[in-house]
Amino acid sequence: MQDFIGTYGLWLLIALVVIVVLFFMLRGKASESAEISVAPPVEPVRAEPVVPAPSPAPKPVAKKPVTPPVTQAPDNLLQIKGIGPKANTLLIGLGITRFAQIAAWTDADLARIDGHLGTFAGRPTRDHWIDQARYLAKGDIAGFEAKYGKL
C-alpha cells in the first residue's frame, strides 16, 4: 500500500484538488442559474383604457414681421448707416429687402423686428433706420447725404 501511495499519491492529491474545485465551480453556477431562472410573481394586467397625458400648451411663437410681397429687385440695405453684412443677412431672413419696407415700419413693427435682431437689437432706433430708409425709398440722395453723410 505504501508503494501505491508513494507512486500515485501525488496524482491522487491533484485529482482530489481538481474534483473539489470543479464541485465548487459547478455549485456556484447552479446557484446563479437558479437565481436567474426564478422570476418574481407577476400581477395580472388589467385592460384599462390608455388615456394620453394632456400635452403642454404650445409656446407662443414670435411672429415674423408682415411684409408686402416684393416684386422688384432688392435694394442694397447696406446703404443705411448702421446696417452691416450680418444685420443685412438677418433682415433678408425676415423678408425685408426694400427701403420702402423699412420706411413703412410702425412702432409695433419696429418692436417685433427688434426682437429678431439679437445682438443688433436697438440699432434701428439708435441709427434712425426708418428715417434713412424714407430718404432712400424716395430716391432723395441729396437729402440723405445732407442729414446722414455721404453714401
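Within each chain, residue numbers correspond to sequence positions counted from 1 in written order. In view of the model being predicted, local features appear only for residues whose pLDDT reaches at least 70, and side-chain atom pairs are presented and counted only at 80 or more, with totals across whole chains, interfaces and linings using the full set of residues. To obtain the side-chain values, all non-hydrogen atoms of the structure were used and water was disregarded.

**Student:** Which parts of the structure should I look at to understand the overall build of the chain?
**Tutor:** If you tally the helices and strands in the chain, you get 7 helices and 0 strands. Sequence-ordered secondary structure for the chain, helices as α and strands as β, is α-α-α-α-α-α-α. Buried, partly exposed and exposed residues are distinguished by accessible area as a fraction of the type maximum, computed with a 1.4 Å probe on protein chains only: under 20%, between the cut-offs, and over 50%, respectively. Out of the 151 residues belonging to the chain, those deemed buried represent 20%. Whether two residues touch is decided by their heavy atoms; if any such pair falls within 4.5 Å, the residues are in contact. Taking all contacts inside the chain whose residues are at least 6 apart in sequence as the whole, residues at least 24 apart take part in 54%. Going along the chain from the N terminus, every DSSP run of H or I of four or more residues is numbered as a helix, and every run of E of two or more is numbered as a strand.

**Student:** Looking at this structure, I do not really get the packing of aromatic side chains. What am I missing?
**Tutor:** In this description, an aromatic ring pair is defined by two values, namely the gap between the centres and the angle between the planes. Note on ring pairs: Phe, Tyr and Trp rings are taken, using the six-membered ring of Trp, and paired if centres are within 6.5 Å. Classes follow the plane angle, with under 30 degrees stacked, over 60 edge-to-face and the rest tilted. Evaluation of the coordinates by the stated rule reveals 3 aromatic pairs. Pairing Tyr135 with Tyr148 gives two aromatic rings, centres 6.3 Å apart and planes at 75°, and the pair type is edge-to-face. Placement of Tyr135 in helix 6 (residues 129-138) and of Tyr148 in helix 7 (residues 141-148) is noted, with a sequence separation of 13 residues between them. For Tyr148, a relative accessible area of 18% translates into the label buried.

**Student:** What is the right way to read the environment of Gln79 from this model?
**Tutor:** In this fold, Gln79 is placed in the loop between helix 1 (2-37) and helix 2 (85-93). Looking at Gln79, the relative accessible area reads 30%, which means it is partly exposed. Linking Gln79 and Lys150, residues 71 residues apart in sequence, is a C-alpha distance of 9.8 Å. In contact with Gln79, other than residues within four places in its own chain, are Phe99, Gln132, Leu136, Phe144 and Leu151.

**Student:** Looking at this structure, how should I read the packing of helix 6 against helix 7?
**Tutor:** For any two helices packed against each other, one specifies the inter-axial angle together with the distance between the axes. It is at 7 Å that the axes of helix 6 and helix 7 come closest, and there the two elements cross at 150°. As far as their axial angle goes, helix 7 and helix 6 are roughly antiparallel. Where helix 6 crosses over helix 7, the handedness of that crossing is left-handed. Here helix 6 contributes Asp131, Gln132, Tyr135 and Leu136 to the contact with helix 7, which in turn contributes Ile141, Gly143, Phe144, Lys147 and Tyr148. Classification convention: Asp, Glu, Lys, Arg as charged; Ala, Val, Leu, Ile, Met, Phe, Trp, Tyr, Cys, Pro as nonpolar; all other residues, Gly among them, as polar. A per-class count over the contact of helix 6 with helix 7 returns 5 nonpolar, 2 polar and 2 charged. To get an axis, a line is fitted to the C-alpha atoms, and for a helix only the part in contact is used. The angle between two axes follows their N-to-C directions and goes from 0 to 180 degrees. Between 65 and 115 degrees an angle is taken as roughly perpendicular, under 35 as roughly parallel, over 145 as roughly antiparallel, and anywhere else as oblique. Here a crossing is taken to be left-handed if its near helix is turned anticlockwise relative to the far helix by less than a right angle, and right-handed if that turn runs clockwise.

**Student:** Explain the side chain of Asn88 here, please?
**Tutor:** Relative to the elements of secondary structure, Asn88 occurs in helix 2. The exposure class of Asn88 is buried, given its relative accessible area of 14%. Excluding residues within four positions of it along the chain, Asn88 makes contact with Leu77, Leu78 and Ile83.

**Student:** Would you mind going over helix 2 with me for this structure?
**Tutor:** Each full turn of the α-helix corresponds to 3.6 residues, which orients residues three or four apart in the same direction. What helix 2 keeps buried is the set Ala87, Asn88 and Leu91. Each buried residue of helix 2 lies within a common arc of 105° when the element is viewed along its axis, so the set occupies one face. Turned more than 90 degrees off the buried face of helix 2, the exposed positions are Pro85, Lys86, Thr89 and Gly93. For helix 2, the secondary structure elements touched by its buried residues are helix 4 (107-114) and helix 6. As used here, the arc belongs to the directions running from the helix axis to the C-beta atoms.

**Student:** Which parts of the structure should I look at to understand the nonpolar core?
**Tutor:** Throughout this description, the term nonpolar core refers to a set of buried Ala, Val, Leu, Ile, Met, Phe, Trp, Tyr and Cys residues connected via side-chain atoms within 4.5 Å. By size, the foremost hydrophobic cluster in this structure holds 21 residues, and its most contacted members are Ile80, Ile83, Leu91, Ile96, Ile102, Trp105 and Trp129. Contributing elements (two or more residues each) for this core: helix 2, helix 3 (99-103), helix 4, helix 6 and helix 7. The element contributing the most residues to this core is helix 6, with 4 residues.

Function-wise, these values are silent; they only describe arrangement.
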